[in-house]
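Structural overview for review
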Amino acid sequence: MATDLHELLRTLRVWDPAATELPAFDPAATPEEPLALFTEWFAQAVAAGQAEPHTMALATADADGTPDVRVVMLHGADADGWAFATHAGSRKGRQLAVRPYAALEFYWPVQGRQIRVRGAVTAAPSREGQADLHARSTGALAAALTGRQSDVLGSVAELARASEEAWERARREPEAPVPSWTLYRLRPDEVEFFQGDEERRHVRLAYRRTEEGWAKLLLWP
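Residues numbered from 1 in each chain as written. Predicted model: local features only at pLDDT ≥ 70, side-chain atom pairs only at ≥ 80, totals over all residues. Heavy atoms only, no water.

Considering the overall build of the chain
- Along its length, the chain carries six helices and nine strands.
- Projected onto the principal axes, the alpha-carbon positions of the chain cover approximately 60 × 55 × 40 Å.
- Expressed as a percentage of the 221 residues in the chain, the buried residues total 36%.
- Looking at the chain alone, contacts between residues at least 24 apart form 64% of all its contacts between residues at least 6 apart.
- Looking at charge distribution, the chain has the averaged site of its 25 positive side-chain charges lying 3 Å from that of its 32 negative ones. (Helix = DSSP H or I, 4+ residues; strand = E, 2+ residues; numbered from the N terminus. Buried < 20%, exposed > 50% of the residue type's maximum accessible area, 1.4 Å probe, protein only. Contact = heavy atoms within 4.5 Å. Lys, Arg positive; Asp, Glu negative; His and termini not counted. Charge placed at Lys NZ, Arg CZ, Asp CG, Glu CD.)

Dropping the structure here:
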């Protein structure tokens, strides 16, 4: 029997108490800049057992303004920005070349939390991108060596052959260069922290960059 999508959707819950514990959040007690709060929330998500808290949605747009979004991995966050990596010739790399702005979204349902980050994106020097890649796993290097990200693939067998060759090289040359591999940093203009509430009185705290520093303000849920 065919599944009725709308009926199925009506059976689902958000933040089931069996899997979610919504912590209290006092925006008046938050630090003056968003990176400190992000680090605190990230550590709490890990401690709460959130699966893959380092994954995030990355939204970009092409030259015509048509949006794209995909899930990528956070490579770090510091005073220079939130970092991620990809091939410069991939779809997102090409989009960032013509529109160097992006937005990030973290969703941690185990605590009913979201973090949204948006701002300008710059490419780090090549040496930093290569160092970041070579500090990661053999599998990460093999995937980067496989290359041709976002190009049309002729067959699954073609991918298998290219991947096998890349794995062999990654094991043989753990410092093999991947010139197209690029580390990007998003320097935020705005960072929003969303804390879910059982009574739907969700707390939204936004940090907005100003000439004097960061301004904090609350948003209606």
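Back to the write-up after that little detour.
Notes on the nonpolar core
- With 26 residues, the main nonpolar core has Phe38, Trp82, Phe84, Phe106, Ile115 and Phe193 as its most contacted residues.
- Those elements giving two or more residues to this core turn out to be α2 (34-47), β1 (55-61), β4 (81-87), β5 (101-108), β6 (113-123), β7 (181-195) and β8 (203-210).
- Broken down by element, this core gets its largest block of residues, five residues, from α2.
- Apart from the residues within four sequence positions on either side, Phe84 is in contact with Met56, Leu58, Val72, Met73, His75, Leu96, Val121, Thr182, Leu183 and Tyr184.
- Ranked by size, the runner-up nonpolar core spans 14 residues in total, among them Ala166, Ala176, Val178 and Leu183. (Core = buried A, V, L, I, M, F, W, Y, C linked by side-chain atoms within 4.5 Å.)

Overview of α2
- For α2, which comprises 14 residues, the first-to-last C-alpha distance of 20 Å matches the rise-based estimate of 20 Å (1.5 Å per residue) to within 8%.
- One or two steps after α2, the chain reaches Gly49, where phi turns positive at roughly 85°. (Expected span 1.5 Å × (residues − 1).)

So, the environment of Leu35
- Topologically, Leu35 is positioned in helix α2.
- Once the C-alpha coordinates of Leu35 and Val191 are considered, the two residues, 156 residues apart in sequence, prove to be 8.9 Å apart.
- Setting aside anything within four residues of it in sequence, one finds Leu35 in contact with Ala77, Asp78, Ala79 and Trp82.

Here we look at the packing of aromatic side chains
- Summed over the entire model, instances satisfying the criterion amount to twelve aromatic pairs.
- Ring geometry for Phe25 against Trp41: centres 5.1 Å apart, planes inclined by 70°, an arrangement best described as edge-to-face. Of this pair, Phe25 sits in the loop between α1 (5-10) and α2 while Trp41 sits in helix α2, placing them 16 residues apart in sequence. You'll find Phe25 and Trp41 in the same group, each marked buried.
- Note on Phe38 and Trp82: the rings are 5.4 Å apart at their centroids and 75° apart in plane angle, and the pair reads as edge-to-face. Of this pair, Phe38 sits in helix α2 while Trp82 is found in strand β4, placing the two residues 44 residues apart along the sequence.
- Judged by relative accessible area, Phe38 falls into the buried class, the value being 4%.
- Arg113 extends its terminal NZ or CZ atom over the ring of Trp41, reaching a point 3.9 Å from the ring centre. (Phe/Tyr/Trp six-rings, centres within 6.5 Å; stacked < 30°, edge-to-face > 60°. Lys NZ or Arg CZ within 6 Å of the ring centre and 35° of its normal.)

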